[in-house]
Amino acid sequence: AVVEQLGRRGTSTDARLLAPLARSSPSLLVRAEATRALGRLDYKKHRGVIEANLKVKTYRDGVAAAAVGALAASRDPAVSKKLISILKPPHHFGARIAAIRALGEYASVTPDAVPALLELLSEPDERISLIACASLGRMNDERALPQLEKAAKSAGNPRMRVYATESIARIKAG
């Protein structure tokens, strides 16, 4: 809770205190939250720690997912290419899902977010394709409509058809 609050209300000085926790805290939860906080507080200075944590393998990819959140929190337009690269293997499920959600919020920063998420609609892992579909709906970008309409009509997975229909309605409602 303390690390989270420092991340929300702290300064770049606090980021210096959190960096060692992000590097090597024995608690994975503390390490993940410290990593996320570094992205909010002083991304440019602590970019190396954040990017190193993208490669950390943990249960349910908690640290890597937090590193994705830290990248997104930076609001640095250059980060969008990194987020797009995380959408695909060899990155693991937790990091990929965090990148999908981050790109859903990054749409105003990069025009590449919509095409990258549209590619995931045909992803073999249904969890990935469903979350990408929902993120597209939240982005309210009409460029997604043709592929969402196609998915709503002809996707083999009935859940994908429902998600696509809901995303279409959301986009059309504005």
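Bear in mind the structure is a predicted one, so any value in this text is a computation, not a measurement.

S.K.: Teacher, can you tell me more about the packing of helix 9 (residues 145–154) against helix 10 (residues 158–173) here?
M.R.: When two helices pack together, their arrangement is given by the angle between the helix axes and by the axis-to-axis distance. Two elements in contact, helix 9 and helix 10, have axes separated by 7 Å at closest approach and are oriented at 145 degrees. Crossing handedness for the pair helix 9 and helix 10: left-handed. In this structure, helix 9 uses Leu 145, Leu 148, Glu 149, Ala 151, Ala 152 and Lys 153 to contact helix 10, whose residues at the interface are Met 160, Arg 161, Ala 164, Thr 165, Ser 167, Ile 168, Ile 171 and Lys 172.

S.K.: Got a minute to help me understand helix 2 (residues 12–24) in this structure?
M.R.: Owing to its 3.6 residues per turn, the α-helix brings residues three or four apart onto one side. Taking 1.5 Å as the rise per residue, helix 2 with 13 residues should run 18 Å; its terminal C-alpha atoms sit 19 Å apart, in good agreement. Bending of helix 2 peaks at approximately 35 degrees at the position of Leu 18, with proline Pro 20 no more than four residues after it. Among all positions of helix 2, only Asp 14, Ala 15, Leu 18, Ala 19 and Ala 22 are buried. In the core, the buried residues of helix 2 are packed alongside helix 1 (2–9) and helix 3 (28–53).

S.K.: What's the story with the pattern of salt bridges in this structure? I'm lost.
M.R.: Where charged atoms from two side chains of opposite charge approach closely, those side chains can pair. Tallied over the full model, the rule gives 10 salt bridges. Between Arg 47 and Glu 51 there is a salt bridge, with its nearest N and O atoms 3.1 Å apart. Of this pair, Arg 47 and Glu 51 are both found in helix 3, 4 residues apart, which corresponds to roughly one turn of the helix. Between Glu 126 and Arg 159 there is a salt bridge, with the nearest N and O atoms lying 2.9 Å from each other. Taken together, the positions of Glu 126 in helix 8 (residues 126–139) and Arg 159 in helix 10 put the pair 33 residues apart, joining distant regions of the chain. Judged by relative accessible area, Glu 126 falls into the partly exposed class, the value being 32%. In this structure Arg 159 comes out as partly exposed when scored by relative accessible area, which is 44%. What emerges from the salt-bridge pattern is a single network uniting Glu 33, Arg 36 and Arg 40.

Rules used in this analysis
- Once a new chain begins, its residue numbering starts again from 1 and follows that chain's sequence as written.
- It should be noted that, the model being predicted, local features are given only for residues of pLDDT at least 70 and side-chain atom pairs only at 80 or more, the latter also being counted only at that level, while totals for whole chains, interfaces and linings use all residues.
- For the side-chain quantities, the full set of heavy atoms in the structure was used; hydrogens and water were omitted.
- Fitted lines through C-alpha atoms give the axes, limited to the stretch in contact for helices. The angle between two N-to-C directions lies from 0 to 180 degrees.
- Numbered from the N terminus, helices here are DSSP runs of H or I no shorter than four residues, and strands are runs of E no shorter than two.
- Left-handed describes a crossing in which the near helix is turned anticlockwise from the far one by less than a right angle; the clockwise case is right-handed.
- Between two residues, a contact is recorded if the distance between any of their heavy atoms is within 4.5 Å.
- An expected span of 1.5 Å times one less than the residue number is assigned to each helix.
- Working definition for bend: take the seven residues up to and ending at a residue and the seven starting at it, fit an axis to each, and measure the angle between the axes.
- Accessibility here uses a 1.4 Å probe with only protein chains present; expressed as a share of the type maximum, an area under 20% marks a residue as buried, one over 50% as exposed, and anything in between as partly exposed.
- Every case where a carboxyl oxygen of Asp or Glu lies within 4 Å of a side-chain nitrogen of Lys or Arg is listed as a salt bridge.

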